[in-house]
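Structural characterization, general
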Amino acid sequence: LKTKILITGSEGFIGKNLKKELELIKDYELIFFNRDSDIKKLEELITKSNIIIHLAGVNRPKEKELFTNTNVILTKHICNFIENKYVKKGIHTPVIFSSSTQINQVNEYGKSKLDAELELKKLYKKTSNPITIYRLPGIFGKWCKPNYNSVVATFCHNIANDIEISIHDENKNLELLYIDDLIQEVINNLRIFPKNFHYQKLKP
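Residues numbered from 1 in each chain as written. Predicted model: local features only at pLDDT ≥ 70, side-chain atom pairs only at ≥ 80, totals over all residues. Heavy atoms only, no water.

**Focus: the sheet that holds strand β3 (residues 51-54)**
Through backbone hydrogen bonds, the strands of a sheet pair up, either in parallel or in antiparallel fashion. Rules: In this description, strands pair whenever DSSP reports at least two bridges between them. Going along the chain from the N terminus, every DSSP run of H or I of four or more residues is numbered as a helix, and every run of E of two or more is numbered as a strand. To define axes, lines are fitted to C-alpha atoms, for helices over the stretch in contact only, and angles between the resulting N-to-C directions are given on a 0 to 180 degree scale. Contacts were defined at the residue level, with two residues in contact if any of their heavy atoms lie within 4.5 Å.
Within the open sheet, the six strands sit side by side as β2-β1-β3-β4-β5-β8. Their pairing is parallel. A single partner strand is all that each edge strand has here, and the edge strands are β2 (28-33) and β8 (197-199). Direction aside, neighbouring strands of the sheet carry axes that sit 20° apart on average. Of the pairings in the sheet, the one linking strand β4 (residues 95-100) to strand β5 (residues 131-136) comprises six bridges and is parallel in character. By the bridge assignment, Val 95 is partnered in β5 with Ile 131. Seen against the sheet, helix α1 (residues 13-22) touches β1 (3-8), β2, β3 and β5 and runs at an angle of roughly 160° to β2. Packed on one face of the sheet, helix α4 (residues 108-127) meets β4, β5 and β8 and runs near 155° to β4.

And the structure:
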């Protein structure tokens, strides 16, 4: 039987790249939950899934409330449904979660990612459900969007189009990771999924 993987946010930058690579692996059957999906169907999708890769989130919403609604509340729904599945069937559903190195910064995005991590940690404490958290630096590569989800894409686009670039802190070291390297890390993790709660270190 194929391993059924539920990917949230599969239409996003990371999700598109991950979906493309996983579709080449015959051992996996992919299930998707995206922005336009019905939240009422989420529990059904989780019930069918063997593993969840939770990528859905916002980083530059028009309204600050969306940080909580998308990044935190959706994660809480997922945790509750996994817990219900465990209580009813005694089955764990390992989760890979895309967090951010910005959890240590004072901004709404970082706070929402940290709060989402805490929801996953609560789930682990209650059920011992395996959780892997990636605290991602700046990701760049194919299908990223300038002036939205990649400083590299932003700089390349603006310079190529004679648009002024803005550097907020010239002394800051910018941590970057190429999208293909991240995708390979995730695939490696799927093959030998740890049975605990841990933060996966990323190789530069």
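There is more to say, and it comes next.
**Observations regarding the packing of helix α3 (residues 65-89) against α4**
Using the following cut-off: Relative orientations are named as follows: roughly parallel for angles under 35 degrees, roughly antiparallel for angles over 145 degrees, roughly perpendicular for angles from 65 to 115 degrees, and oblique for any other angle. When residue character is reported, Ala, Val, Leu, Ile, Met, Phe, Trp, Tyr, Cys and Pro are called nonpolar, Asp, Glu, Lys and Arg charged, and the others, Gly included, polar.
Running from N to C, α3 and α4 point in directions that differ by 10°, and their axes come no closer than 8 Å. It follows from the interaxial angle that α3 and α4 lie roughly parallel. Residues Phe 67, Asn 71, Val 72, Thr 75, Lys 76, Cys 79, Ile 82, Glu 83 and Tyr 86 of α3 touch α4, and the partners they reach there are Glu 108, Tyr 109, Ser 112, Asp 115, Ala 116, Glu 119, Leu 120, Leu 123, Lys 126 and Thr 127. Of the residues contributing to the contact of α3 with α4, the split by class is nine nonpolar, four polar and six charged.

**Details of the packing of aromatic side chains**
Aromatic rings considered in pairs are described by the distance between their centres and by the relative angle of their planes. The cut-off we apply is this: Whether two aromatic rings pair depends on their centres lying within 6.5 Å, for rings of Phe, Tyr and Trp, where Trp uses its six-membered ring; planes under 30 degrees apart make the pair stacked, over 60 edge-to-face, and the rest tilted. Any residue under 20% of the maximum accessible area for its type is buried, any over 50% is exposed, and the rest in between are partly exposed; the area is computed with a 1.4 Å probe on protein chains only. Placement of a charge over a ring requires the Lys NZ or Arg CZ to be within 6 Å of the ring centre, with the centre-to-atom vector within 35 degrees of the ring normal.
Under the criterion given, the structure shown has three aromatic pairs. Between Phe 197 and Tyr 199, the ring centres sit 5.5 Å apart and the planes meet at 85°, which makes this aromatic pair edge-to-face. With relative accessibility at 16%, the residue Phe 197 sits in the buried group. A connected cluster of aromatic rings, assembled from ring pairs, spans Tyr 124, Phe 197 and Tyr 199. It is Lys 19 that lies over the ring of Phe 32; its NZ or CZ is 5.1 Å from the centre. The ring of Trp 143 is capped by Lys 142, whose NZ or CZ atom sits 5.7 Å from the centre of that ring.

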